[in-house]
Amino acid sequence: MADVVSGRPLDSAALAGLNVADFAFASTAALEPLEDWPGQDRALEALRLAAAMPHAEFNLFVLGTPGSGRRSAARAVLTEAAQTRPVPRDWVYVANFDDPRRPVAIDLPAGQAVRLRGGVRKVVNDLATEIPAIFESEDYQTRRRAIDEAHEERNEKAMSELAERAQAKGVAIVRTPMGFGVAARHGDEILQPEAYRQLPEAERAAIDAAMAGVRGELEAVLKAIPQDMKAQRHEVEELNISMAREGVDAALAELIAAFAGQQKPLRHLCAMRQDMIDNAELFLIREDGAQAGAFPVATAKHYRKPQFQRYTVNVVVAHEPGGAGAPVVEENLPTLANLIGRIEYQSERGALVTNFTMIRAGALHRANGGFLILDARQVLAEPLAWDSLKRCLAGGRITIYSAGERFSLISTETLEPEPIPLDLRVVLVGDRLLYYMLVALDPDFARLFKLEADFGDQMPRSPESTGLFARLIATHVRAEGLRPVAAGGVARLLTESLRLSDDAERFTLNLAALSDILHEADHRAAEAGAEAIGPAEIEAAIDAADRRAGRLRELSQEAIGRATLLIDADGARVGQVNALSVLEIGKTRFGRPARVTARVRVGTGKVVDIEREAELGGPIHSKGVMILSGYLAGQYLPDLPMSLWASLVFEQSYGGIEGDSASAAELFALLSALSGLAIDQSFAVTGSVNQFGDVQAIGGVNEKVEGFFDVCAARGLTGRQGVLIPVSNVKHLVLRERVLDAMRANRFRVIPVATVDEGIALLTGRAAGARGGDGRFPADSVNALVEARLAAFAEARRRFGAGPAGTEPKP
């Protein structure tokens, strides 16, 4: 584009996109796949640094436009780096037998968590069968009978000796419904009360004394029985513990030996051993709740019974022992619970209850030791998720809690699981605005996310980058299972890539948009029975997408065609010019001409922007109008006060207007109104201006040119019609083929201009004129006519302000 001459119509050949001759292959099937992302060297460097950096807080924010491949690139780079990292340790939660509300977290080598869980289950299953058998064994029964018989014999002996002593004293020990009692004897018979009363008083006194003595001894013997029973129970308990210890030790021996070198698991197994011994009766409970007899009901999975839940090993994170490196986790719904884990509850008799077996892992647990990829916007949108993520990263540990606990909304008893140490790299993916807002507004963000990977939107066009992009297309169609793309199809797709970037010298890196085109083109190739995707399928897919989104564009063109919106495409008018704007609604983006008019009269140097006065103009548009005033003041009559009043307006505009791309058109309308020279309505104008009269680049130049072209084409192309664009926008032109065809046939023109003088000369057919050595513009030039009109305004203002003769001029 270096040979572009301003003020001359562009040659359509200079605007052509890529063609088959630019490629040395027949189709992408002949190309080697691309392993990297072209044009993203800066971002890939940051990704690889984040993946390799061992220090904490070097988390990464991946920023860029959606569709640029930022997430897939992050996933690929992190997955590659994860292969070189060791497999993280497993994590389990187990019961805290001293404080059940605070479950204990245990880390184990990869693969050992499942092994520990399986070993504990086997122990429980074995003990559920062996302990009942132990307590029904002959050895236990013999030892139990020995204890019972010894204490029974001791009690019977004490009673027998007491009975003999009582008999010697003439007293009998009798059993009554109320217990034991004493009574006087007469021979072998119990002395009846009537007979007792007939005895002499001395004999009755002797009998009473003997009975009192025996009664005291009986009370002593009876009092000793509970103590003896207590001792008996203690001996039975010691026997039970001894027998249970033998069974538990035998069942746990293999498991303890397997984890002998690991402190935390071994400590838990020892605590579990003691609890099993102390609560051996749990293994004697039948499924119906009754005390078991000789053997409980046989089952293969005793560990599932409620009484054995305390011995469960809750595996929250487990890895394969021979796994391939560290995990790469993507959490698509980063709620508080999905990030840090949760504690589940179940209803029992109208109350919510929980235990350590209901602790569930979150994404931070699963990604611990590796990488976690999150969508930044989603994390910020979820209540408490962003705060919890920052707390975990700052504290270096994962603490599980719920929103209900945080806001004191839960009144039921809950758990306080032991926090798990955190060592991972978090990668946030988001757009640039979100990144800059976090940097500006969140003081913790810059400390926790020290790295950023900025994915570019464009890649410079060159023979090398063209080849890389072709290989990227080849890689994509293979990965997606699409047909190969013929060389002509690649040329058309890359031309569309230039179009999407709004720059003929830059390829877009919005791979998602190109992928959509390829998928639709592949479908059309399948319907046509083609083996490869050609340029016709690519063109058809692009045209179909434009047609699907073109309803609003067609309505706009229809309104102009039916003269509802007044646009002239031929003739000439003073103070009127066709400006160009771009409307972007959803996925629809199209250009539309708009009539700009100007009126002038003598005044105090004010240029009225009617859009601003009506509060329809944005600040950038208002700035552009102010620049016009600066241009006029500096260009014309620098030694006289500006004595102009002018009004500028977008006719039939009923919505907001923003941007300065119409400031050149507004200035041309103003110069036409001042000079009295008519503007050729066959032209439309776009471009902004500065105070020195340079025409500056604007956005959406392709849509603007095509918008005016469609209006002209609907009314009939005359060969005079065309669009004036800034010369600095020529490199951005990637026009549709219908416009290029008209330019080749000299039926439509695109003319670049560099200055206001060039533009006004083309629009009016009159030379603008440059100020000569005498300080004057050439006679009858546009600038001379404008300056003459402004001088007349200044003189009129002076006369108006002078007042009657002999008085001072009015201020």
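Our structure is the block above this text.
The structure contained in this document is the topic of the report that follows. (Residues numbered from 1 in each chain as written. Predicted model: local features only at pLDDT ≥ 70, side-chain atom pairs only at ≥ 80, totals over all residues. Heavy atoms only, no water.)

### Quick look at the overall build of the chain
Going by this rule: Elements are defined by DSSP. Helices are runs of H or I of four residues or more, strands are runs of E of two residues or more, and each kind is numbered from the N terminus. In this description the radius of gyration comes from C-alpha coordinates, and the expected globular size is given by 2.2 Å times residues to the power 0.38. Burial classes follow relative accessibility: with a 1.4 Å probe on protein chains only, a residue under 20% of its type's maximum area counts as buried, one over 50% as exposed, and anything between as partly exposed. Contacts between residues were defined by any pair of non-hydrogen atoms, one from each residue, lying within 4.5 Å. The accessible surface values rely on the Shrake-Rupley method and a 1.4 Å probe; as for residues, cover is taken only from the protein chains in view.
Along the chain, the regular secondary structure elements total 26 helices and 30 strands. Here the C-alpha atoms of the chain give a radius of gyration of 48 Å, more than 25% beyond the 28 Å that 2.2 N^0.38 yields for 811 residues. Each principal axis of the C-alpha distribution contributes one length, and for the chain these read about 170 × 80 × 50 Å. The burial tally for the chain puts 45% of its 811 residues in the buried class. Of the contacts made within the chain by residues no fewer than 6 positions apart, 76% connect residues no fewer than 24 positions apart. With the model as given, the accessible surface of the chain reaches about 39,600 Å², and the carbon-plus-sulfur share is 52%.

### Some words on the pattern of salt bridges
Side chains bearing opposite charge may pair, as long as their charged atoms lie close to each other. How we decide: Any Lys or Arg side-chain nitrogen located within 4 Å of an Asp or Glu carboxyl oxygen qualifies as a salt bridge.
Scanning all chains against the criterion turns up 47 salt bridges. The salt bridge involving R447 is made with E57; its shortest N-O contact spans 3.5 Å. A residue pair is termed long-range when its members are at least 10 positions apart, and R447 in helix 14 (residues 445-448) and E57 in the loop between helix 1 (41-52) and strand 1 (60-63) qualify at 390 residues. According to the relative accessible area criterion, E57 is partly exposed, its value standing at 23%. The partner of E330 in a salt bridge is R71, and the shortest N-O contact between them spans 3.2 Å. Of the two residues, E330 sits in strand 8 (residues 328-331) while R71 sits in helix 2 (residues 70-82), which places them 259 residues apart along the sequence. Several salt bridges converge on common partners, so that one network encompasses E57, K390, D442, D444, R447 and K450.

### Considering the sheet that holds strand 24 (residues 644-650)
Put simply, the test is: Strands qualify as paired when DSSP identifies two bridges or more between them. Axis geometry follows a simple rule: fit a line to the C-alpha atoms, using only the stretch in contact for helices, then measure angles between N-to-C directions, giving values from 0 to 180 degrees.
Judged by pairing direction, the sheet is mixed, and its seven strands sit side by side in the order 23-24-22-21-26-29-30 without closing on themselves. Here the strands that pair on one side only, and so sit at the sheet edges, are strand 23 (606-609) and strand 30 (749-753). In this sheet, neighbouring strand axes are inclined to one another by 30 degrees on average, regardless of whether the strands run parallel or antiparallel. Helix 19 (residues 551-561) rests against strand 21 (576-585) and strand 22 (588-602) of the sheet, and its axis sits at about 40 degrees to strand 22. Docked against the sheet, helix 25 (residues 756-764) engages strand 26 (683-685), strand 29 (722-726) and strand 30, running at close to 145 degrees with respect to strand 30.

### Describing the environment of R245
If you trace the backbone, R245 turns up in helix 6 (residues 201-258). Measuring from C-alpha to C-alpha, the distance between R245 and D639 comes to 112 Å, with 394 residues separating the pair along the chain. Residues within four places of R245 in sequence aside, it is in contact with R273 and I277.

### Some details on the packing of aromatic side chains
What counts is decided by this rule: Working definition: a ring pair exists when centres of Phe, Tyr or Trp rings (six-membered ring for Trp) sit within 6.5 Å. Plane angles under 30 degrees give stacked, over 60 give edge-to-face, the rest tilted. Whether a charge sits over a ring comes down to the Lys NZ or Arg CZ being within 6 Å of the ring centre and within 35 degrees of the ring normal.
According to the stated counting rule, one finds 15 aromatic pairs in the structure shown. The interplanar angle of 50 degrees and the centroid separation of 5.1 Å between the aromatic rings of F61 and Y435 together place this pair among those described as tilted. Of the two residues, F61 is situated in strand 1 and Y435 in helix 13 (residues 432-441); the sequence distance between them amounts to 374 residues. Across the pair, Y435 and F61 agree in class, each one buried. Taken together, the ring pairs in this structure connect F61, W386, Y435, Y436, F445 and F449 into an aromatic cluster. One cation-aromatic arrangement involves R115 over F259; the distance from NZ or CZ to the ring centre is 5.7 Å.

### Digging into a nonpolar patch on the surface
Filter applied, for reference: Patches here: salt-bridge-free residues with over 30% relative accessible area, like charges joined within 9 Å, nonpolar side chains (Val, Leu, Ile, Met, Phe, Trp, Tyr) joined within 5 Å.
Together, F407, L409 and I410 make up an exposed nonpolar region whose accessible area comes to about 320 Å². Of note, I410 is situated in the loop between helix 12 (403-406) and strand 15 (420-421). Given the relative accessible area of 35%, I410 is considered partly exposed.

### Topic: the side chain of Q40
Summarising the element assignment, Q40 is placed in the segment before helix 1. A relative accessible area of 3% places Q40 in the buried class. Look past the residues within four positions of Q40 in its chain and what remains in contact with it is S68, D454, F455, G456 and L509.

From the geometry alone we can't say anything about function, so treat these as descriptive.
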